[in-house]
Amino acid sequence: MTGMTLPRPDDTPPRILLVTLNARYSHASFGLRCLRANLGPFREGALLREFTIHQPRGEIVEAILADEPDLVGFGVYIWNVAETTEIVRTLRVLRPDLTIVIGGPEVSYEYEETGIFAACDHLVRGEGDIAFRELVAELAAGGTPPKVIEAQLPDVSALALPYAEYTDEDLARRIVYVEASRGCPFRCEFCLSSLEIPVRAFPLDSFLASLQQLLDRGARGLKFVDRTFNLNVKFSLAILEFLLARYREGLELHFEMIPDRLPTELRDVIRRFPPGAVQFEVGVQTLTDEVSHRISRRQNVARMEENLRFLREETGVHVHADLILGLPGETLESMADSFDRLYRMRPGEIQVGILKRLRGTPIERHSEVWEMRYSPYPPYEILASKTLPFPLLQRLKRFARYFDLFYNKGNFVESMQALMEPVVAGEGPAGKAGSPFGNFLAFSDWVWKETAQTHEIALARQYRLVFGFLHGVLDIPEEVAAERLLRDWDRWQVRKERPEFLKPWVASLHPPAAPIGGARWGH
């Protein structure tokens, strides 16, 4: 691009804007905070500006231009690339002299033909903590750096930690992300983390000192973004013991854990946390051995099952387990079997996801053999494959959405138990009577037929739908179905009147004075 404003005529530092569009306000961009913390002499002149993907694009452009920046750096991700592309193109029309830099996972691979790459001045590929600062310095000095900057892996021990970049409002109202290590030792072909080798840990003393500062400032929760928090047992043990010693009521801690690696030392400290204080996210993805081998995924299922049993029976940890539908070679039967096995391990949540072809991931090598067809639009979900036709994948996407809405949200604890256990419509899709997967798939198909909606289903209507299925499809007596639904409603909805349609089975529509449930993790 031509006519850029760097360097400034008066030799003052450039005015830098670091911008991203988050999925929702409660999310805070950890990447932008890392960039600002490492800008050195340019840090004071750099401002963070976070928007959401739901805001009007014109208003975002207006806000950016109101800051009169010389350079804007955009964090680009799978969830915001379409909106960010529109904003960058609009800025290019209104401010042709503006220097525009992009970076992030969505533009670090296969970027050449994208609209956002065509519209930007520079792209920083990879971990940009240091590379972005060097780019700004070269531009400020009047240099002409290349359009694509290949960031070298930074020495994490030399990086400035970003935790002072969180404002008091962030700590009070947003998710606070922290990072003890970078990288992943595994090669799972669907995941961008498979390209992040080696694993590098931040210096423990300075990291713990930063955690202490966040806690002293009133942080209510810490979400670790490490891909494999428990890879180094000694390192993770030190962090857990540090947090346990400083635990206060209401503090929530989230970790992404390797599900088959939970040795005695970790078990001993984990069981000492109060119930509800800790959430573990565990990536199961598939329990089909052939598919795991095909996508280069290694896991010890027997050990994972024992670890989940330990967490369920001996700790107060909430377990969030991830499962992917649509992997190469998967069939409806194999996915049903994976789901049923995982469901019977009883994690707190099962996050059912649909396979996405993330840019740069090796999953693409299976496309020809398995006739994998992906959407050309973010988030690039699988549309069809040799073993999964398009209509079936549409059903599975509804299954995933409804499972999150009706099961994971926790509004139907007793009702879902009744729904998942009996046989629905004879044999389940896995060829097994009483398949939980088959049962919920039947419910999913029924809800879609009744509503033709996957979003904006009001809670009261959700209760009507569950009641209609329990009684109308499963033949559960009305009074029994109503009793379960009332207990579910009273567990959480203590400030709202009970649903009107349940009036025949209750003495009053007013709920009890106090909830019968306890703390829970939610989305």
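Along each chain, residues carry numbers from 1 onward, in the same order as the chain's sequence is written. Owing to the predicted nature of the model, reporting of local features is limited to residues with pLDDT of at least 70; listing and counting of side-chain atom pairs is limited to 80 or more, with chain, interface and lining totals taken over all residues. In computing side-chain properties, one takes all heavy atoms of the structure into account and sets aside hydrogens as well as water.

A. The packing of aromatic side chains, seen in detail. Stacked, edge-to-face and tilted are the three classes for Phe, Tyr and Trp ring pairs, Trp counted by its six-membered ring, which pair at centre distances within 6.5 Å; planes under 30 degrees apart are stacked, over 60 edge-to-face, the rest tilted. Counted according to the given criterion, the structure contains 29 aromatic pairs. Between Tyr77 and Trp79, the ring centres sit 4.6 Å apart and the planes meet at 5 degrees, which makes this aromatic pair stacked. Exposed residues in this analysis have more than 50% of their type's maximum accessible area, buried residues have under 20%, and partly exposed residues fall in between, with area computed by a 1.4 Å probe over protein chains only. When its relative accessible area of 40% is taken as the criterion, Trp79 is described as partly exposed. A positively charged side chain is recorded as over a ring if its NZ (Lys) or CZ (Arg) lies within 6 Å of the ring centre. The angle to the ring normal must also be within 35 degrees. The aromatic ring of Phe117 is capped on one face by Lys147, whose charged end is 4.3 Å from the ring centroid. Against the face of Tyr25 rests Arg174, its NZ or CZ located 4.6 Å from the ring centre.

B. Molecular detail of the environment of Phe406. In this fold, Phe406 is placed in helix α13 (residues 390-408). Classification of Phe406 by relative accessible area gives buried; the value is 0%. Contacts are assigned to residue pairs that have any heavy atoms within 4.5 Å of one another. In contact with Phe406, other than residues within four places in its own chain, are Phe412, Met416, Phe440, Phe443, Val447, Gln462, Leu465 and Val466. Only DSSP runs of H or I with at least four residues qualify as helices, and only runs of E with at least two residues qualify as strands; both kinds are numbered from the N terminus onward.

C. Region of interest: helix α16 (residues 459-472). Expected span of a helix, by definition, is 1.5 Å for each gap between consecutive residues, and there is one gap fewer than residues. Under the 1.5 Å per step criterion, the end-to-end length of α16 is 19 Å for 14 residues, consistent within 8% with the ideal 20 Å. Taken together, the buried positions of α16 are occupied by Gln462, Tyr463, Leu465, Val466, Phe467, Phe469 and Leu470. Elements in contact with the buried residues of α16: α13, α14 (413-420), α15 (436-451) and α17 (478-492).

D. Examining the pairing of strand β14 (residues 349-354) more closely. Strand pairing follows a simple DSSP-based rule, namely that at least 2 bridges must link the two strands. Relative to β14, strand β13 (residues 318-325) runs parallel, the two sharing 6 bridges. Considered in β14, the bridge of Ala321 is made with Ile350. Assessed by its sense of winding, the connection that carries the chain from β13 through helix α12 (residues 332-343) to β14 is right-handed. Here a crossover is taken to be right-handed if, once the strands point away from the viewer, the path from the first strand over the helix to the second is traced clockwise.

E. A look at the nonpolar core. As used here, the term nonpolar core means buried Ala, Val, Leu, Ile, Met, Phe, Trp, Tyr and Cys residues forming a set that is joined through side-chain atoms within 4.5 Å. Grouped together as the largest cluster of nonpolar side chains are 117 residues, with contacts concentrated most on Leu222, Phe224, Leu243 and Phe406. In terms of residue count, α13 provides more of this core than any other element does, 9 residues in total. In this structure, Ile87, Val107, Ala119 and Cys120 belong to the second largest nonpolar core, which totals 26 residues.

F. A look at the pattern of salt bridges. The working definition used for a salt bridge is a side-chain nitrogen of Lys or Arg within 4 Å of a carboxyl oxygen of Asp or Glu. Under the definition given, this model contains 40 salt bridges. Ionic pairing is found between Arg309 and Glu313, a salt bridge with its closest N-O pair at 2.7 Å. Linking Arg309 with Glu313, this pair stays in helix α11 (residues 301-314), spanning 4 residues, or about one helical turn. Glu313 sits in the exposed class, given a relative accessible area of 52%. Three or more residues joined by partner-sharing salt bridges are found here, namely Arg267, Asp268, Arg271, Glu306, Arg309, Arg312, Glu313 and Glu314.

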